[in-house]
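# Chain and residue survey
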Amino acid sequence: MNSLSSGPAVRATVTDYHQSFRARERGTLADPVDARPLPDQRELVAAFAGRCEEHPLLDWAEALATLHRERQRNPLATAGIDCRRHELVARIDGWVRTRIPGRYATRQLRAASLGATVDRMAAAHVHASHLLHTAERVSDDRVHAAWYRLALLADTWTDLITSAPMPGRTKG
């Protein structure tokens, strides 16, 4: 038997890995990046445009915007794209749920899914950007209305995250 593939040291490493994996799944073992507060609306909008810092939620926000752009370009693929969007929304909600204290997370996520809010913001950003680049005049009322909708959703995001007790956030 090969001493590199068995023995107490390997068993201990595998056990530690499984325990840390389970803890990560339960949300009781936080990564340093994950301990950061939720991104603000400016960081989300930057992620929709493909310019984001390292943060899991920003990566998912960028992926949602990419899916919305693909949905615009390829309407025949809507069903598959929507499935991927719903998976990302669920992933965001699950990730947030592990970082917000229990009772608050349940109440907050029932009231408004943070993942669904990010998805709506991504859709609004893609739509507004598309109008900005394709409208005959930038002053077109449709362009203004689209950016106004994104601003309203950004305000909703801010309201949701400022009321959430997150690690690294202090009141004051």
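Every value quoted in this text rests on a predicted model; they were computed, and no experiment measured them. Counting restarts for each chain: residues are numbered from 1 in the order of the written sequence. Local features in this predicted model are restricted to residues of pLDDT 70 or higher, and side-chain atom pairs are both shown and tallied only at a pLDDT of 80 or more, whereas totals for entire chains, interfaces and linings draw on every residue. Where side-chain values are given, they derive from all heavy atoms of the structure, hydrogens and water being excluded.

## Considering the environment of Arg-99
Counted only if it meets this: Starting at the N terminus, helices and strands are each numbered in turn, a helix being any DSSP run of H or I of at least four residues and a strand any DSSP run of E of at least two. Any residue under 20% of the maximum accessible area for its type is buried, any over 50% is exposed, and the rest in between are partly exposed; the area is computed with a 1.4 Å probe on protein chains only.
Of note, Arg-99 is situated in the loop between helix H4 (78-97) and helix H5 (102-111). For Arg-99, a relative accessible area of 13% gives the class buried. Through-space distance from the C-alpha of Arg-99 to that of Leu-38 is 9.6 Å; in sequence the pair is 61 residues apart.

## Some remarks on the packing of helix H3 (residues 56-73) against helix H6 (residues 114-134)
Just so we agree on the cut-off: Structural elements are reduced to axes, namely lines fitted to C-alpha atoms, with helices fitted over the stretch in contact, and the angle between N-to-C directions of any two is expressed from 0 to 180 degrees. Note that the term roughly parallel is reserved for angles under 35 degrees, roughly antiparallel for angles over 145, roughly perpendicular for angles of 65 to 115, and oblique for everything else. Crossing handedness is defined as follows: a turn of the near helix away from the far one that is anticlockwise and smaller than a right angle gives a left-handed crossing, while the clockwise case is right-handed. Here, residues are in contact when the closest pair of their heavy atoms is within 4.5 Å. Gly is placed with the polar residues, together with every amino acid not listed as nonpolar (Ala, Val, Leu, Ile, Met, Phe, Trp, Tyr, Cys and Pro) or charged (Asp, Glu, Lys and Arg).
Where H3 contacts H6, the two axes come as close as 9 Å, and the packing angle between them is 50 degrees. The pairing of H3 with H6 is recorded here as oblique in orientation. Considering the relative orientation of H3 and H6, their crossing is right-handed. Contacts from Leu-57, Ala-61, Leu-64, Ala-65, His-68, Arg-69 and Gln-72 of H3 reach H6 at Val-118, Asp-119, Ala-122, Ala-123, Val-126, His-127 and His-130. Of the residues contributing to the contact of H3 with H6, the split by class is 8 nonpolar, 4 polar and 2 charged.

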